[in-house]
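The residues making up each chain are set out below.
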Amino acid sequence: MTRSARATTGPDSPVTRREGAPMELVVDRERCIGAGMCALLAPEVFDQDEADGRVLLLDPAPPATHHPAAREAAHNCPAAAITLRGRVPAPEPDRPSGD
Ligand code: SF4
């Protein structure tokens, strides 16, 4: 029997990995609920529209220094309104507590 694993990334995922390609961001303002998490986590990449509070994408192809923040914003968007394509940095490994 063939097992079909459900991918955590793919065309329908908020995060799509294409190694070797530059990071590309797309936002869906229709999905956005104006929570502001993205602007809080990655203010160099996202802002909120003063008129309706919805996301404004400041930089659809941010430099590598902003990739971790952009990735975190995409993962934390409560409306899944941010799509990440291209080179997505690997998540930070969990650190064991030093207690
Ligand atoms: S985190 Fe998501 S819902 Fe909140 S403002 Fe940004 S895109 Fe919109």
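Definitions and cut-offs
Residues numbered from 1 in each chain as written. Predicted model: local features only at pLDDT ≥ 70, side-chain atom pairs only at ≥ 80, totals over all residues. UniProt positions renumbered as here; feature names shortened; annotations may be inferred. Helix = DSSP H or I, 4+ residues; strand = E, 2+ residues; numbered from the N terminus. Buried ≥ 20, exposed ≤ 12 C-beta atoms within 10 Å, placed from the backbone. Contact = placed C-beta atoms within 7 Å. Pairing = 2+ DSSP bridges.

The name given to the protein in an unreviewed UniProt entry is Ferredoxin, with Nocardia fusca as the source organism. Checking UniProt for the protein, the heading Cofactor (unreviewed entry) contains the comment "[3Fe-4S] cluster". Here the protein is described in UniProt, under the heading Function (unreviewed entry), as follows: "Ferredoxins are iron-sulfur proteins that transfer electrons in a wide variety of metabolic reactions."

K.L.:
How do you make sense of unusual backbone geometry when you look at a structure like this?
P.N.:
Outside of glycine, negative phi angles account for most residues, and trans bonds account for most peptide bonds. If you check the backbone angles, Ala80 has positive phi at about 50° while not being a glycine. Relative to the assigned elements, Ala80 resides in the loop between helix H2 (67-76) and strand E4 (82-85).

K.L.:
I tried to follow the environment of Ala42 on my own but got confused; where do I start?
P.N.:
Within the secondary structure layout, Ala42 lies in the loop between helix H1 (37-41) and strand E2 (46-48). Ala42 sits in the buried class, given 25 other C-beta atoms within 10 Å. Remark: the alpha-carbon pair of Ala42 and Pro68, spanning 26 residues in sequence, is separated by 8.8 Å. Ignoring anything within four residues of it in the chain, the contact list for Ala42 reads His66, Ala69, Ala70 and Ala73.

K.L.:
What is the right way to look at the pairing of strand E1 (residues 24-27) in this model?
P.N.:
Of the two faces of E1, only the one carrying Leu25 and Val27 is buried; Glu24 and Val26 on the other face are not. The sheet contact formed by E1 and E4 spans four bridges and is antiparallel. Residue Val26 lies in a different strand from E4, and its bridge partner there is Thr83.

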